[in-house]
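Architecture at a glance
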Amino acid sequence: MASTQALAENQRFDSRSQTARRSVLSKIVANPVGLLGLSVTVLFILIAIFAPLLAPHDPGGQNLSLRLLPPAWQAGGKLSYILGADALGRDLLSRVIEGSRISLLVGFSSVFIGAVVGVAVGLVSGARGGFVDTILMRIGDVQLAFPPLILAIAIMAVFGQGLLNIILVLSISGWIQYARIVRGRALSLRSADYITAARAIGVGEGRIMLRHILPNVMAPIIVIASFVLPQVIIAEASLSFLGIGVPPSTPTWGNMLADSRDYIATAWWLSVWPGLALMLCLLGITVLGDALRDALDPRLKNL
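Attention in this report is confined to the structure presented alongside it. Small disclaimer: the values here were computed from a predicted structure and weren't measured.

Considering the overall build of the chain
- Of the regular secondary structure elements, the chain holds 12 helices and 0 strands.
- Helices and strands in the chain line up, N terminus first, as α-α-α-α-α-α-α-α-α-α-α-α.
- Put simply, the chain has 303 residues, and 42% of those count as buried.
- Of all intrachain contacts in the chain linking residues separated by at least 6 positions in sequence, the fraction that spans at least 24 positions is 71%.
- A total of about 15600 Å² of accessible surface is found on the chain, and carbon and sulfur atoms cover 68% of it.

Here it is in structure tokens:
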């Protein structure tokens, strides 16, 4: 009997979750600005996923005879290199496409890891309270004393370049934002009637956190993640621009902007295309985050 009731409860929970997802998507699609942000974000995700198929040339392939080749519509340009080539004769279009993979991989991975850690810490801190809450929040306060980018630069200088290192560094610098939101919500729900009733019938603390508190904090967590994602992407580009992100041989938007510094006056296309891709990607995600905020909870407009 108990297993039947549990199965029915899970089915009702799944049905409500699917209905909520459809409602959020319909609100975003109904909002022209939100639809634009969703379209741009999905476009960049698809470009990142299918980058090897979309890139017309090898992103790392060098051909010095094509050095600083201008875009196809300028004098001396070639149609097969529509956006031109860099100082080593590498196709810019292929490198911009390949760079989207690194930026979005770092962005989504860092935000996901940071959110998981932050939500877990916030749930434990808010549900347990007392000494555990004090210790966890003081650790977060210490981290907040350091600017995120300065902290990332210091850690990368110690551990060196690498894709995994930069993902971990950016994850570490972002967990406290989620932890504070979840902790505050968990503290406010500890004395709620339905939480008290759940404890009275013998429901464990772990189940209470996962089934009763966590669903109530998902809306602000998703909103925060959508606004943190552009910050993480720009942080990765900044670290790569400074030469302490991913290795210089890896095509990223930050590395491409760094390589173009000496040619801004003579080869404008080297800096314009990666900069434009970075700007459009960040703009699309930010606009989508704004639409998500309105769709999930209008009360979060001032978040």
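As for the nonpolar core
- Among the nonpolar cores identified, the biggest contains 53 residues, and Ile166, Leu170, Tyr178, Ile233 and Trp253 are the most heavily contacted of them.
- Contributions of two or more residues to this core are made by helix H2 (32-49), helix H4 (92-128), helix H6 (148-159), helix H7 (163-172), helix H8 (175-189), helix H10 (205-241), helix H11 (253-259) and helix H12 (269-296).
- Looking at this core, the element that brings in the most residues is H10, giving 14 residues.
- Those residues within four positions of leucine 170 in sequence are excluded, and the remaining contacts are Val106, Ser110, Ala152, Val232, Ala235, Glu236 and Leu239.

Brief notes about the layout of surface pockets
- As a volume, the second largest pocket reaches approximately 570 Å³.
- Considering the residues around the second largest pocket, the lining is formed by 22 residues, among which Phe108, Val111, Ile222, Ala225 and Ser226 are closest to the centre.
- Secondary structure elements with two or more residues in the lining of the second largest pocket: H2, H4, H10 and H12.
- Per-element accounting of the lining of the second largest pocket gives the leading share, 7 residues, to H10.
- Residues belonging to the lining of the second largest pocket are distributed by class as follows: 19 nonpolar, 3 polar and no charged.

Observations regarding empty space enclosed by the protein
- Enumeration according to the criterion identifies 1 cavity of 30 Å³ or more in this entry.
- The computed volume of the largest cavity comes to approximately 30 Å³.
- Of all the secondary-structure elements, those providing two or more residues to the lining of the largest cavity are H4, H7 and H10.
- Of all the elements, H4 adds the most residues to the lining of the largest cavity, at 3 residues.

Scoring rules and cut-offs
- Residues numbered from 1 in each chain as written.
- Predicted model: local features only at pLDDT ≥ 70, side-chain atom pairs only at ≥ 80, totals over all residues.
- Heavy atoms only, no water.
- Helix = DSSP H or I, 4+ residues; strand = E, 2+ residues; numbered from the N terminus.
- Buried < 20%, exposed > 50% of the residue type's maximum accessible area, 1.4 Å probe, protein only.
- Contact = heavy atoms within 4.5 Å.
- Areas by Shrake-Rupley, 256 points an atom, 1.4 Å probe, with all protein chains shown as cover.
- Core = buried A, V, L, I, M, F, W, Y, C linked by side-chain atoms within 4.5 Å.
- 1 Å grid on protein atoms, 1.4 Å probe; cavity = no way out; pocket = protein on both sides within 12 Å on 5 of 7 lines; lining within 4 Å.
- Points joined across faces, edges and corners; volume = space filled by probe spheres on them.
- Nonpolar A, V, L, I, M, F, W, Y, C, P; charged D, E, K, R; others polar.

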